[in-house]
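Per-entry structural report
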Amino acid sequence: LPSVLCLGDCQLQTPCQIQKCTTDFVSLTSHLNSALEGFDLEFCKALRAYSACTYRNSKVCRGNLVYHSAVLGISDLMSQRNCSKDGPTSSTSPEVTHDPCNYSGYIEAREHQAGGKTPATAYVFCGLFGDPHLRTFKDHFQTCKVEGAWPLIDNNYLSVQVTNVPVLPGSSATATNKITVIFKSYQECTDQKVYQAVADDLPAAFVDGTSGDDGNMKSLRIVEKVSGKYVEMHAKYIGTTVYIRQLGHYLTVAIRMPQELVLAYEESQDLQLCVNGCPSSERIDDSGQLPLPVMGQLLPQSGAAYPQSVYTLETASTKCREKIVVKDIYFHSCVFDLLTTGDTNFTAAAHTALQDVEALHPRKEQWHIFPSSGGHVVGKGSKFCVSLGFVCLIIVAFL
């Protein structure tokens with residue numbers, strides 16, 4: 001008799017596994033980041049795995065309200081994310097889960113799920129210092145006027161704006177005296193945070209008074225390295241680092257950020273100096289070639305006059321060699337700034353800008369840009385023709 005009663009109902013003796021299905025789904029999706037590329041693909045794979053698990057338990061769970069709620073929830077999520085019912089599914093035994101507010105953890109999980117077949121995450125670098133000199137995310141080097149407020153970066157995660165003022169009256173040379181950094185709100189990782197530095201006021205906190213070290217703000221923090229002179233901002237949730245320094249009366253900025261996040265911006269946000277460089281009308285250099293001033297007088301290409309500098313080409317070169325050994329664009333920028341301003345603080349600015357490259361730029365072989373690779377055509381034996389009326393002065397750099 002017991003065997004007869006068991007017919008058709010023996011499956012009920014197997015416990016409902018809906019809780020395990022749900023736990024597996026949470027494990028598969030906990031590290032996913034909805035704002036990053038590839039989220040929909042991975043989320044749909046996890047949903048299909050969840051759906052398959054519920055189907056396998058459909059008979060033993062038919063009287064379970066949690067099971068029916070899960071089925072309805074899966075259907076709703078598939079509609080919201082436009083997931084097809086047919087397609088690949090995620091493994092239901094994920095080996096690694098990561099903090100969703102840790103960008104490097106997200107990347108590791110993504111590469112793990114792809115079996116290590118995805119390329120390593122590309123990081124890019126941008127820096128602005130001195131007169132000002134700009135190194136873009138593409139490692140293009142430019143020298144620009146850009147007086148007033150200009151966006152260095154403006155994407156879905158981060159905005160950095162710099163304000164440049166004339167270095168000397170009547171001069172087209174400018175330098176940065178204000179930097180505003182906005183970390184945009186991001187899921188549960190951080191609310192919007194604004195940082196602002198102006199000349200002679202380099203705070204160690206956001207404008208709301210927090211430093212990012214308390215509460216749920218561990219994914220974003222400010223570290224003061226030198227009081228009033230040098231701060232670092234670390235945004236772990238977007239894998240981004242920002243250095244800001246004050247040298248003399250002006251500021252410098254250096255930024256390292258994942259390339260995929262750098263490219264996450266709308267068409268209306270295309271005016272970004274770090275991404276597209278300076279507008280041609282704002283550039284002092286000519287395709288990377290800097291017109292050197294002669295005893296404080298800038299070459300006619302820029303059409304601007306500078307007050308008399310105490311430096312000659314030889315003395316400026318000697319001064320810059322004290323700080324910068326490698327004769328790359330940072331050395332040549334130092335020489336240019338000394339000749340145009342006479343301010344030795346620009347020597348320190350070029351030197352620390354190079355230090356920031358070495359700390360943040362991901363590819364050591366690209367730390368130094370030389371004249372042959374698109375930097376200044378200022379090297380040993382280089383010559384500059386200065387047209388002063390009908391006279392052509394040939395200047396041989398003392399390098």
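About the cut-offs
- Residues numbered from 1 in each chain as written.
- Predicted model: local features only at pLDDT ≥ 70, side-chain atom pairs only at ≥ 80, totals over all residues.
- Heavy atoms only, no water.
- Salt bridge = Lys/Arg side-chain N within 4 Å of Asp/Glu carboxyl O.
- Helix = DSSP H or I, 4+ residues; strand = E, 2+ residues; numbered from the N terminus.
- Disulfide = S-S within 2.5 Å.
- Buried < 20%, exposed > 50% of the residue type's maximum accessible area, 1.4 Å probe, protein only.

**Looking at the pattern of salt bridges**
Pairing of side chains with opposite charge becomes possible as their charged atoms draw close. In the structure shown here, the tally under the stated rule is nine salt bridges. A salt bridge links aspartate 24 to lysine 20; its shortest N-O distance comes to 3.0 Å. Placement of both aspartate 24 and lysine 20 in helix H2 (residues 18–29) is noted, with a separation of four residues, approximately one turn of the helix. The shortest N-O distance in the salt bridge between aspartate 154 and lysine 184 comes to 3.5 Å. With aspartate 154 in strand E4 (residues 148–154) and lysine 184 in the loop between strand E6 (174–183) and strand E7 (193–198), this residue pair connects regions lying 30 residues apart in the sequence. Within the structure, one salt-bridge network assembled from shared partners comprises Arg135, Asp139 and Arg363.

**Side note on the state of the cysteines**
Tallying each qualifying case throughout the model produces seven disulfides. The disulfide partner of cysteine 16 is cysteine 61, and the S-S distance across this bridge is 1.8 Å. With the S-S dihedral at roughly 110°, the linkage between cysteine 16 and cysteine 61 falls on the right-handed side. Highlighted residues: cysteine 16 in the loop between helix H1 (2–6) and H2 and cysteine 61 in the loop between helix H3 (39–56) and helix H4 (65–80), separated in sequence by 45 residues. Take cysteine 61: its relative accessible area is 1%, and that puts it in the buried class. Each disulfide pairs two cysteine sulfurs, and for cysteine 320 the partner residue is cysteine 334, the sulfurs being separated by 2.0 Å. In this structure the cystine formed by cysteine 320 and cysteine 334 twists about its S-S bond by roughly -90°; its chirality is therefore left-handed. Note that cysteine 320 is positioned in helix H8 (residues 313–321) and cysteine 334 in helix H9 (residues 329–341), a separation of 14 residues in sequence. We note that cysteine 320, like cysteine 334, is buried.

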